[in-house]
Each structure stands twice: as C-alpha cells, then as structure tokens.
Amino acid sequence: MSASQPPQPADIPTLLVKIFGKDRPGITAGLFDTLAAYSVDVVDIEQVVTRGRIVLCALVTEPPAGLEGDLRATVHSWAESMKMQAEIISGIGDNRPRGLGRSLVTVLGHPLTSESTAAIAASITATGGNIDRIFRLAKYPVTAVEFAVSGTETEPLRTALAIEAARLGVDVAVVSAGLHRRAQRLVVMDVDSTLIQDEVIELFAAHAGCEDQVAEVTSAAMRGELDFEQSLHARVALLAGLDASVVDKVRSEVRLTPGARTLIRTLKRLGYQVGVVSGGFTQVTDDLKERLGLDFAQANTLEIVDGKLTGKVTGEIVDRAGKARLLRRFATEAGVPLEQTVAIGDGANDLDMLNAAGLGVAFNAKPVVREAAHTAVNVPFLDTVLYLLGITREEVEAADMHTD
C-alpha cells in the first residue's frame, strides 16, 4: 500500500456491536445515535427479527484512541436502559471475502422440517458452498426460505440439491444470483393440469360420451408413452359431430388451479409478462387470455363446420417442440432474453419448453418431468412459484392491495 492510499476495510481495527432482545421501534436509531458520539464509521449492518426478538449487528470502525472503553460502557448502559443485551467484539477488517459463485436456493416445505433443513444445508456445504444469508419469503400457504450461497457454481449445486430434495420430499429451486433476478421477465405456462385443474379435451369428451377412452390416451401421452400429435388426432376424432354449443359449456366448467389468479395478478402488477401455451384448444385458451389479462396465448384449434365439431384440428399443431418454439417466439416479442424466461408445466410435452427456459418448473408433474426440470413444485398452490422468483408473501399482499 502506498503512503497516499487510505487504510482499506480489511486492514483497519473494527468493532462488532451486537444488540439483542425484544423488538420495539427506535432500537436501530438509538444504537447509532449512541455510536455517533464516538465518530465511528459504519462498515456493515445486519438486522433480523424473529417472533418479536431482534438481533442487530453493526460492524463499525474503532473509535479514536482512548475512547473504546468509554464506547463499550456507553453502549452497554444504553442497552440496559432498553432492557436489551449488548455484546462488543474487537477485530480487524470486514467480513471475509465471499467465494466465487453466487446462487440463491429457495426451499419450499409444507411443513418445512428441521430434518430437511439440516439435509439441504449439509448438501450445500458438501458442494463447497457457504450459506451467507437465510431469509424467509413466506409462511403460508407453504413455508418458503431463501439461502444466499457463495463458493460454488449454480449447476453442480442444483444437481446435488435436486437429488436431496427428491429424497426428502421437499421442493428446492437453485438459480444464479445477480441483477437479472429482478429484471423484466416472461412467465409461460402450460394450461391443462397446470393453470387449470382439468384436461380440456376430457371436458369435451364427457359431453361426447367418450371420456374414459380419451382420458386413457391423455394419460399415456402425458407420461411420454405416446407421440403427442398422434394422440391428439386420435382423441379429437372421437369428438366428431359434437354440437359447437358445447364450447360455452366447457368454458364454464374449467376450474382454475388454486393460486392461479394470485400468480398472474401479482406477476402483472410487478411488471412481468405472462403467457400460456397449450396442447388444448384456442376455444378455451382465448377465453382464459381475456379473463386473466394474459399477454400471450397459443393452442390448437378445433375445426367447426356448420355448427358441429368435425373431429379435426386446424393450423399449426402445438406439441412438445411447438411449445418450446412458442416460448422463444413470445420471448422475442416481449423483448426478454430467453435466460430471463420461466416455464411451468406438468407433462412430457412440456419438457422441451421447460429445458429451453431460464428456469423450468415442474408443477405437480409426472415423474419423468420432475426428474428433467430445473426444479419441481409438489404443493397444490400455483402461486408458490412466486417464491422461486424471490417474491415474498408481503410483496404478493402489497401487489394485491394495489389499485390500477
């Protein structure tokens, strides 16, 4: 270090001042008012409040010579006056440098057990990662916590935690940390058994009296056992002759997944763009787009001639490859880089889309999809996806209170 350079934080004596006790307004202001009399500079601050108990840590520079003892006595006296405890530790410099690699690990539990928390933390350590901070995102309808991790790369961490999450039965998402977490994003989701609880073709089939036949083929297709396009044509053929008036009936029968409205409303109010792609039918997705205020929607179209379903679909088929292609198209139109996209789906025909997105979320998905996606959510609330994006329950509620 040259003589002209001021001492750096790593080189100077510092004091770690820790205050803990019952939380109340004015504690932070009171502590720093007390420290201000000693001309110390603030190097770092951390504050956590849990069940009404506060832990406030201030890392400050050492006071002028001869004043440290007086500072210690004054801080302890102030803490006692507030019915709190104080601890002051001398040291050198700031926190040790964080290791290379930055990731955010979100853990969802319903409930979140001590066993699963311990196992996730141990897995992070085993990959060479260090947990720098833990923050609760939500306490209902699930417990969601976020670990800020350094010292390991995102992909190996994601792989290790995916194995552990499957063993524990919890949902874990791992994303790279950085400014992009809060950048403009596009969220694209599947419709059947994701945005809605139903399989639309089965709703049509119920009116045609062939529900069991269609359901059997649908299940095989979603498990990846049948080619989607072939299965689509086979199922739609069973609807031939159905009166077109059934479209309105099916629209009225569609049930949104719990949390779907909250998810979309929150994303929209936070500036996200939202779309759907479906192997189902535009006769339903166009209605959902209008009702929910979606930015994009694409699906297959049932052919209707002379007021009757012909048993055919028209236009470009939205299949497994088509969903990924549409994700890319929507991203281009939205002006969002592909790595800033989030895809949500449950079936094998969603896999290309989930893998193409920056974050692919398997929602209550078939085993083959859970194993291949970046992360999985296995609770029945679609709005829990918000926590994977670092959005807290408080932000959800604040967005809910917002009036346009």
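Residues numbered from 1 in each chain as written. Predicted model: local features only at pLDDT ≥ 70, side-chain atom pairs only at ≥ 80, totals over all residues. Heavy atoms only, no water.

Looking up the protein chain in an unreviewed UniProt entry gives the name phosphoserine phosphatase, with the organism given as Streptomyces atriruber. Under the heading Cofactor (unreviewed entry), UniProt records this for the protein chain: "Mg(2+)". (UniProt positions renumbered as here; feature names shortened; annotations may be inferred.)

Asker: Looking at this model, I keep getting lost on the packing of aromatic side chains. Mind explaining?
Answerer: Remark: the centre distance and the inter-plane angle together describe each pair of aromatic rings, the angle taken between the planes. Evaluation of the coordinates by the stated rule reveals 2 aromatic pairs. Ring plane angle 85 degrees and centroid distance 6.0 Å describe the contact between Phe204 and Phe281, whose orientation is recorded as edge-to-face. With Phe204 in helix H5 (residues 200-208) and Phe281 in strand S10 (residues 273-281), this pair connects stretches of sequence that are 77 residues apart. The same class applies to Phe204 and to Phe281, which are both buried. Ring geometry for Phe296 versus Phe330: centroids 4.8 Å apart, planes at 15 degrees, classification stacked. Within this pair, whereas Phe296 is found in strand S11 (residues 296-305), its partner Phe330 is found in helix H11 (residues 320-334), the two being separated by 34 residues in sequence. For Phe296, a relative accessible area of 9% gives the class buried. Residue Phe330 is classed as buried on the basis of its relative accessible area of 4%. (Phe/Tyr/Trp six-rings, centres within 6.5 Å; stacked < 30°, edge-to-face > 60°. Helix = DSSP H or I, 4+ residues; strand = E, 2+ residues; numbered from the N terminus. Buried < 20%, exposed > 50% of the residue type's maximum accessible area, 1.4 Å probe, protein only.)

Asker: I keep staring at the nonpolar core and nothing clicks. Help me out?
Answerer: As a rule of thumb, nonpolar side chains are buried together in soluble globular proteins. Counting 65 residues, the largest nonpolar core has Met189, Leu195, Phe204, Leu267, Phe281, Ile344 and Leu382 as the members making the most contacts within it. For this core, the leading source of residues is H5, giving 5 residues. (Core = buried A, V, L, I, M, F, W, Y, C linked by side-chain atoms within 4.5 Å.)

Asker: What is the right way to look at empty space enclosed by the protein in this model?
Answerer: Rolled over the atoms, a probe sized like a water molecule indicates the empty space that remains. Applying the stated criterion to the full structure yields 1 cavity of 30 Å³ or more. Quantified by volume, the largest cavity comes out at close to 140 Å³. Forming the walls of the largest cavity are 17 residues, and the residues nearest its centre are Asp192, Glu199, Phe228, Gly279 and Gly280. At the level of elements, helix H6 (211-222), helix H7 (228-237) and S10 are the ones that each hand at least two residues to the lining of the largest cavity. With 4 residues, S10 is the single largest residue contributor to the lining of the largest cavity. (1 Å grid on protein atoms, 1.4 Å probe; cavity = no way out; pocket = protein on both sides within 12 Å on 5 of 7 lines; lining within 4 Å. Points joined across faces, edges and corners; volume = space filled by probe spheres on them.)

Asker: Honestly, helix H8 (residues 246-253) in this entry has me stumped. Any pointers?
Answerer: An α-helix turns once per 3.6 residues; consequently, residues spaced three or four apart project the same way. Three or more residues of H8 are buried, namely Val246, Val247 and Val250. All buried residues of H8 lie within an arc of 105 degrees about the axis, which places them on one face of the element. Looking at H8, the residues exposed on the side facing more than 90 degrees away from the buried face are Asp248 and Ser252. Summarising the contacts, the buried residues of H8 are in contact with H5, helix H10 (282-292) and S11. (Arc of directions from axis to C-beta. Contact = heavy atoms within 4.5 Å.)

Asker: Whenever I open this one, the sheet that holds S11 confuses me. Can you help?
Answerer: Taken in spatial order, the 7 strands make up an open sheet running S12-S11-S10-S9-S13-S14-S15, and their pairing is mixed. At either margin of the open sheet sits one strand with a lone partner, and together these are strand S12 (308-314) and strand S15 (375-377). Direction aside, neighbouring strands of the sheet carry axes that sit 25 degrees apart on average. Sheet topology note: the strand S14 (residues 359-363)/S15 ladder contains 3 bridges and is parallel. Its bridge partner lying in S15, Phe363 is registered against Val377. On the sheet, H7 packs against S10, S11 and S12 and is oriented at approximately 170 degrees with respect to S12. (Pairing = 2+ DSSP bridges. Axes fitted to C-alpha atoms, helices over the stretch in contact; angles between N-to-C directions.)

Asker: Can you help me understand the sheet that holds strand S1 (residues 13-22) in this one?
Answerer: The pairing of strands in a sheet happens through backbone hydrogen bonds and is either parallel or antiparallel. In space, the 4 strands of this open sheet follow the order S2-S3-S1-S4, with antiparallel pairing throughout. Every interior strand has two partners, whereas the edge strands, strand S2 (42-50) and strand S4 (85-92), have only one. Ignoring which end each strand starts from, the neighbouring axes of this sheet average 10 degrees apart. Sheet topology note: the S2/strand S3 (residues 53-61) ladder contains 8 bridges and is antiparallel. Each bridged residue has a counterpart across the sheet, and for Gln47 the counterpart in S3 is Leu56. In the packing of helix H1 (residues 27-36) onto the sheet, contacts are made with S1, S2 and S3, and the angle to S3 comes to roughly 25 degrees. Lying on the sheet, helix H2 (residues 68-81) is in contact with S1 and S4; it crosses S4 at an angle near 155 degrees.

Asker: Teacher, can you tell me more about the layout of surface pockets here?
Answerer: A volume near 410 Å³ is recorded for the second largest pocket. Around the second largest pocket, the lining comprises 21 residues; the ones closest to its centre are Ala162, Ala165, Ala166, Arg370 and Ala376. The element best represented in the lining of the second largest pocket is helix H4 (residues 154-168), accounting for 6 residues. Taken together, the residues of the lining of the second largest pocket sort by class into 13 nonpolar, 4 polar and 4 charged. (Nonpolar A, V, L, I, M, F, W, Y, C, P; charged D, E, K, R; others polar.)

Asker: Please clarify how the environment of Gly275 should be interpreted in this entry.
Answerer: Mapped onto the secondary structure, Gly275 falls in strand S10. Sequence separation between Gly275 and Leu186 is 89 residues; the distance between their C-alpha atoms is 7.7 Å. Setting aside chain neighbours within four positions, we find Gly275 in contact with Val187, Val188, Met189 and Phe296.

Asker: Sorry if this is basic, but what is going on with unusual backbone geometry here?
Answerer: With an omega dihedral of 10 degrees, the bond running from His110 to Pro111 counts as a cis peptide bond. When you line up the elements, Pro111 lands in the loop between strand S5 (102-109) and helix H3 (114-126). Here Tyr140 and Pro141 are connected by a cis peptide whose omega angle stands at 0 degrees. Relative to the helices and strands, Pro141 is located in the loop between strand S6 (130-138) and strand S7 (143-150). The backbone phi angle of Ser193 is positive, close to 65 degrees, even though this residue is not glycine. Relative to the helices and strands, Ser193 is located in the loop between strand S9 (186-189) and H5. Overall, Ser193 belongs to the partly exposed group, its relative accessible area being 24%. One non-glycine residue, Asp306, adopts positive backbone phi at about 55 degrees. By the secondary structure assignment, Asp306 is in the loop between S11 and S12. What makes Asp306 exposed here is its relative accessible area of 75%.

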